[in-house]
Amino acid sequence: PPPPPPPPPPPPPRDSIRRQRQMCIRDSHQRRLPLVMAPAGSKPLVLVAACALIDAQGRVLISQRPEGKTLAGLWEFPGGKLEHSETPEHALTRELEEELGISIARSDLKPLTFSSFSYPDFHLLMPVFACWRWRNEARAKEGQALAWVSPAALGDYAMPPADELLKGLLPSLVECLRESQGCI
């Protein structure tokens, strides 16, 4: 008869698991950001949430990354990195208030798609939501330029690689979601 299979490896010590769960990185504002531990030799995973804010004319709001930031001058969908223990919806409500001065109910954020892109030092995973309802007028609170553009015109704007992947998908996804959700 064949020999029995080897026993499974022992589980990692509990303090090792606790350290992995608590690992985070700090952003330029010294906020703790979750860092999902990847297998040895691979890049860390950074979670960022983004939102396609859509006005009554069907235009989408994009913002230009200001000078002094990584990827300055490129246009992106508003949003930002998830802080420790945040959901994407919570991160978006916080980030959109900080960046644009608008207030959004989490129930008004509709899951749309996601982007997954490997940058040189990390891998970015970005859930993207659509939103047709918010309070207050969007204004640039962090020195960024803002533009309301038709989804079909997104190709005219240079974007970071993770956002670039969404340009071709967004027009049909937004229309499909709008019809199925009965959005304005």
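My aim in this report is to walk through the structure given alongside it, one point at a time. (Residues numbered from 1 in each chain as written. Predicted model: local features only at pLDDT ≥ 70, side-chain atom pairs only at ≥ 80, totals over all residues. Heavy atoms only, no water.)

**Topic: the sheet that holds strand 9 (residues 145–149)**
Quick reminder of the rule: DSSP bridges decide pairing: two strands pair if at least two such bridges lie between them. In this description a helix means any DSSP run of H or I spanning at least four residues, a strand means any run of E spanning at least two, and both kinds are numbered starting from the N terminus.
What the three strands build is an open sheet, ordered 5-4-9; its pairing is antiparallel. Each having just a single partner strand, strand 5 (75–76) and strand 9 make up the two edges of the open sheet. Sheet topology note: the strand 4 (residues 60–64)/strand 5 ladder contains two bridges and is antiparallel. Looking at the pairing, serine 63 lines up with glutamate 76 of strand 5.

**Points about the packing of aromatic side chains**
Where two aromatic rings form a pair, the distance of their centres and the angle of their planes describe that pair. Here is the rule we go by: Stacked, tilted and edge-to-face are the three classes assigned to paired rings of Phe, Tyr and Trp, where Trp is represented by its six-membered ring and a pair needs centres within 6.5 Å; plane angles under 30 degrees give stacked, over 60 edge-to-face, the rest tilted. For the exposure calls, accessible area comes from a 1.4 Å probe over protein chains only, and a residue counts as buried if that area is under 20% of its type's maximum, exposed if over 50%, partly exposed in between.
Inspection of every chain in the model, using the stated rule, returns four aromatic pairs. Between tryptophan 75 and tyrosine 157, the ring centres sit 5.3 Å apart and the planes meet at 75 degrees, which makes this aromatic pair edge-to-face. A residue pair is termed long-range when its members are at least 10 positions apart, and tryptophan 75 in strand 5 and tyrosine 157 in the loop between strand 9 and helix 3 (161–164) qualify at 82 residues. Residue tryptophan 75 is classed as buried on the basis of its relative accessible area of 13%. By relative accessible area, which is 23% here, tyrosine 157 ends up partly exposed. Arranged with centres 6.0 Å apart and planes meeting at 15 degrees, the rings of tryptophan 134 and tryptophan 148 form a pair that is stacked.

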